[in-house]
Amino acid sequence: MSTIAAFYSGKSILITGATGFLGKVLMEKLFRTSPDLKVIYILVRPKAGQTLQQRVFQILNSKLFEKVKDVCPNVHEKIRAIYADLNQNDLAISKEDKQELLSCTDIVFHCAATVRFDDHLRHAVQLNVTATQQLLLMASQMPKLEAFIHISTAFSNCNLKHIDEVIYPCPVEPKKIIDSMEWLDDAIIDEITPKLIGDRPNTYTYTKALGEMVVQQESSNLNIAIVRPSIVGATWQEPFPGWVDNLNGPSGLIIAAGKGFLRAIRGTPKAVADLIPVDTVANLTLAVGWYTAVNRPKSTLIYHCTSGNFNPCYWGKMGFQVLAAFEKIPFERAFRRPYADFTTNTITTQYWNAVSHRAPAIIYDFYLRLTGRKPRMTKLMNRLLRTVSMLEYFLNRSWEWSTYNTEMLMSELSPEDQRVFNFDVRQLNWLEYIENYVLGVKKYLLKEDMAGVPKAKQHLKRLRNIHYLFNTALFLIAWRLLIARSQMARNVWFFIVNFCYKFLSYFRASSTLKV
Ligand SMILES: CCCCCCCCCCCCCCCCCCCCCC(=O)SCCNC(=O)CCNC(=O)[C@H](O)C(C)(C)COP(=O)(O)OP(=O)(O)OC[C@H]1O[C@@H](n2cnc3c(N)ncnc32)[C@H](O)[C@@H]1OP(=O)(O)O
Ligand SMILES: NC(=O)C1=CN([C@@H]2O[C@H](COP(=O)(O)OP(=O)(O)OC[C@H]3O[C@@H](n4cnc5c(N)ncnc54)[C@H](OP(=O)(O)O)[C@@H]3O)[C@@H](O)[C@H]2O)C=CC1
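About the criteria used
Residues numbered from 1 in each chain as written. Chains lettered and ligands numbered in written order. Predicted model: local features only at pLDDT ≥ 70, side-chain atom pairs only at ≥ 80, totals over all residues. Heavy atoms only, no water. Helix = DSSP H or I, 4+ residues; strand = E, 2+ residues; numbered from the N terminus. Buried < 20%, exposed > 50% of the residue type's maximum accessible area, 1.4 Å probe, protein only. UniProt positions renumbered as here; feature names shortened; annotations may be inferred. Near = heavy atom within 4 Å. Polar contact = N/O pair within 3.5 Å; in protein donor to acceptor, adjacent residues only side chain to side chain. Areas by Shrake-Rupley, 256 points an atom, 1.4 Å probe, with all protein chains shown as cover. Pairing = 2+ DSSP bridges. Axes fitted to C-alpha atoms, helices over the stretch in contact; angles between N-to-C directions. Salt bridge = Lys/Arg side-chain N within 4 Å of Asp/Glu carboxyl O. Patch = residues over 30% accessible without salt bridge, like charges linked within 9 Å, V, L, I, M, F, W, Y side chains within 5 Å. Contact = heavy atoms within 4.5 Å. Expected span 1.5 Å × (residues − 1).

## Overview of the side chain of Glu-392
Piece 1. Counting through the fold element by element, Glu-392 comes out in helix H15 (residues 377-395).
Piece 2. Judged by its relative accessible area of 14%, Glu-392 falls in the buried class.

## What to know about the UniProt feature "transmembrane region" (unreviewed entry) in the protein chain
Piece 1. Those residues carrying the UniProt feature "transmembrane region" (unreviewed entry) are residues 466-483 in this numbering.
Piece 2. As annotated, residues 466-483 comprises 100% helix and 0% strand, and the C-alpha atoms at either end are separated by 26 Å.

## Regarding the site of ligand 2
Piece 1. What surrounds ligand 2 is a group of 26 residues, the closest being Thr-19, Arg-45, Arg-55, Tyr-204 and Lys-208.
Piece 2. Here an oxygen atom of ligand 2 sits 3.3 Å away from a polar atom, N or O, in the main chain of Gly-17.
Piece 3. The contact in question runs from an oxygen atom of ligand 2 to an N or O atom on the side chain of Lys-47, over 2.8 Å.
Piece 4. Computed on the free molecule, ligand 2 has an accessible area of 890 Å², of which 90% lies beneath the protein chains in the complex.
Piece 5. Contributions of two or more residues to the shell around ligand 2 are made by helix H2 (21-33) and helix H10 (203-218).

## Regarding the sheet that holds strand S2 (residues 39-44)
Piece 1. With respect to topology, seven strands assemble into an open sheet ordered S3-S2-S1-S4-S5-S7-S11, the strand pairing being parallel. Both edges of this open sheet fall to strand S3 (79-83) and strand S11 (301-305), since each of them pairs with a single strand only. Pairs of neighbouring strands in the sheet enclose a mean axial angle of 20°, with direction left out of account.
Piece 2. One ladder, built from four bridges, connects strand S1 (residues 12-16) with strand S4 (residues 107-110); its direction is parallel.

## Side note on the pattern of salt bridges
Piece 1. Tallied over the full model, the rule gives 21 salt bridges.
Piece 2. With a closest N to O distance of 2.7 Å, Glu-28 and Arg-32 form a salt bridge. Taken together, the residues Glu-28 and Arg-32, both in helix H2 and four residues apart, mark about one turn of the helix. The two residues Glu-28 and Arg-32 agree in class, both being buried.
Piece 3. With a closest N to O distance of 2.7 Å, Arg-228 and Glu-212 form a salt bridge. Here Arg-228, found in strand S7 (residues 224-229), pairs with Glu-212, found in helix H10; they are 16 residues apart in sequence, far enough to count as distant.

## Things to note about a nonpolar patch on the surface
Piece 1. A grouping of Met-488, Val-492, Trp-493, Phe-494, Phe-495, Ile-496, Val-497, Phe-499, Phe-503, Leu-504 and Phe-507 is seen on the molecular surface, where their side chains present a nonpolar patch of about 1,200 Å² in accessible area.
Piece 2. Assignment of secondary structure puts Val-492 in helix H20 (residues 487-514).

## Topic: the environment of Phe-109
Piece 1. Locating Phe-109 in the fold gives a position in strand S4.
Piece 2. Considering only alpha carbons, one finds Phe-109 and Ala-147, 38 residues apart in sequence, at a separation of 8.6 Å.
Piece 3. The contact partners of Phe-109, leaving out residues within four places of it in the chain, are Tyr-8, Ile-13, Leu-14, Ile-15, Thr-16, Leu-26, Leu-30, Ile-149, Thr-285, Leu-286 and Gly-289.

## Let's talk about unusual backbone geometry
Piece 1. Following Glu-238, the chain continues into Pro-239 via a peptide bond in cis, with omega recorded as -5°.
Piece 2. Here Pro-239 shows up in the loop between strand S8 (231-233) and helix H11 (250-258).
Piece 3. Despite not being glycine, Ala-48 shows a phi value in the positive range, around 50°.
Piece 4. On the secondary structure map, Ala-48 appears in the loop between S2 and helix H3 (52-60).
Piece 5. Residue class for Ala-48 comes out exposed when judged on its relative accessible area of 77%.
Piece 6. Backbone geometry at Arg-296 places phi at a positive 40°, although glycine is not the residue there.
Piece 7. Note that Arg-296 resides in the loop between helix H12 (278-295) and S11.
Piece 8. According to the relative accessible area criterion, Arg-296 is partly exposed, its value standing at 48%.

## Observations regarding helix H19 (residues 453-485)
Piece 1. Here H19 spans 48 Å end to end across 33 residues, near enough to the 48 Å set by a 1.5 Å rise per residue.
Piece 2. Here H19 has its buried residues at Val-453, Ala-456, Leu-460, Leu-463, Trp-479 and Ile-483.

## Here we look at the pairing of S7
Piece 1. In terms of burial, S7 is a largely internal element, six of the six residues being buried.
Piece 2. Burial along S7 is two-sided: Ile-224, Ile-226 and Arg-228 and Ala-225, Val-227 and Pro-229, pointing in opposite directions, are all buried.
Piece 3. Across four bridges, strand S5 (residues 147-151) lies against S7 in parallel orientation. Bridging from a neighbouring strand, Ile-151 pairs with Val-227 of S7.
Piece 4. Examined bridge by bridge, S7 and S11 share five bridges and lie parallel to one another. Bridging across to S11, Val-227 finds its partner in Tyr-303.

Put into structure tokens, the structure is as follows:
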């Protein structure tokens, strides 16, 4: 029996962000490996017209949870959704619910966050710093609490090149930032944001770093650990390969490239693509929860959940493998044939943006207008280019993360736990992983059926023919214009025609002789 699975049996676990990408996979793994756990409390808010119960129902009835129902048929009874809104200072948890959480919780996994790069600093501070502080305050009043696991990001210190498993201080204390958000108006916050975030690229990485500082400040009273994943991608193995349910990280760009919208990105092919499968992050997090509770380390341990130092893949290779996967698994109704490349130069990027992104969008919108439909491609393209520009920072740099604690944890696991809670990415085959990722994007994000693949392939052939026809027509028009204007072009033209004529005559004469 797995020691870690046994540890979670009979436990009451609190998860924040359980409706998110990582939270769902974490919860699924817990139910599947420790069906005897007592209860999982999840902090949820109503969203998109759905009540808490409807949201939970939807998650439990999704494909991700299919295997759970076999091993834990009463999973519905073991999950308790608690109304909470991390946007509010007291987290908006009712008195009764709070009392229950305080008296029953054994372990906390804090996954909730805003992961948007362009969030307003006030909102990002509220979610990633203040809410963390509030949760830690609650945790300090939980008499049974054995461990508090905080999910941060490997990029919280992306302003450094080499990152150790330590908490780096930010120039301004989190408490001062939290206080100032209460009285500064939005315009002033907008003005000071670039100064505050300094050499970090966005409010997300900055507020996640502040969140870590808050955790450190509370660590004397609590048994805390921090997990720092890099770019979280689709599942590698569990509960099945390729599962993904949001557009963050590479997923949105895979769709954009597969549908033929994205043709070039400013990225460094030789930079490390530090992707980490979401099930690997969940496994490491659960192992960290066990280790922290059982061994109660003297200081807050930080675990880097990254792939680059164990099994590096590079953006150039990954891009190539994604494109190769589109050959086997094409997406339906593509706008253009999938082809994309990395460029390292800003001028080339601007050229490709004009020629390969904006121009086709304008032409297509013109066609839509002519046929009496509403133009939409230019808007979509502008949005895509904005998204790409925000991700570029991460596509043009490589980082080194020390992984001493993660390796130490791996060595502490029994062979059975190393198998059940596998987070050893040295075993990951990137080619296979990328293919499953593309397949997962098609099935679970685009909701496309594999039965449509032959039709999609035919559509791509048609697009290829249109592409050839368009290029030939363009070449002929350009050549015709050139001949009309330049004596030199005319001379070249006559030379080519003359050469072809002679070649054909010679060929015809020699074949007649043979007969
Ligand atoms: C050889 C070439 C090869 C080619 C092959 C190419 C593929 C291989 C290469 C892969 C390279 C990967 C690089 C990854 C680097 C990641 C680094 C992360 C590092 C940090 C990791 C962390 O620790 S951090 C967690 C990650 N955190 C994010 O990753 C959030 C980012 N993101 C946002 O911060 C917001 O996204 C941002 C951008 C503000 C826009 O914001 P925005 O408002 O403009 O757009 P929204 O995202 O809100 O989306 C608005 C609506 O567009 C819909 N939509 C969006 N994309 C769509 C799409 N592609 N196709 C259809 N629909 C789409 C969406 O469904 C919404 O629909 P609706 O409105 O109906 O709900
Ligand atoms: N995805 C990635 O690439 C990486 C993620 N991480 C970290 O992992 C953690 C999980 O990320 P991920 O699962 O990808 O993110 P998601 O955006 O998928 O999930 C975020 C979760 O936080 C919840 N949440 C957000 N705002 C509130 C609120 N006001 N009240 C209550 N709950 C709220 C969301 O709930 P709701 O469903 O209601 O919106 C959702 O459950 C985060 O801490 C993130 O920083 C770290 C590195 C990379």
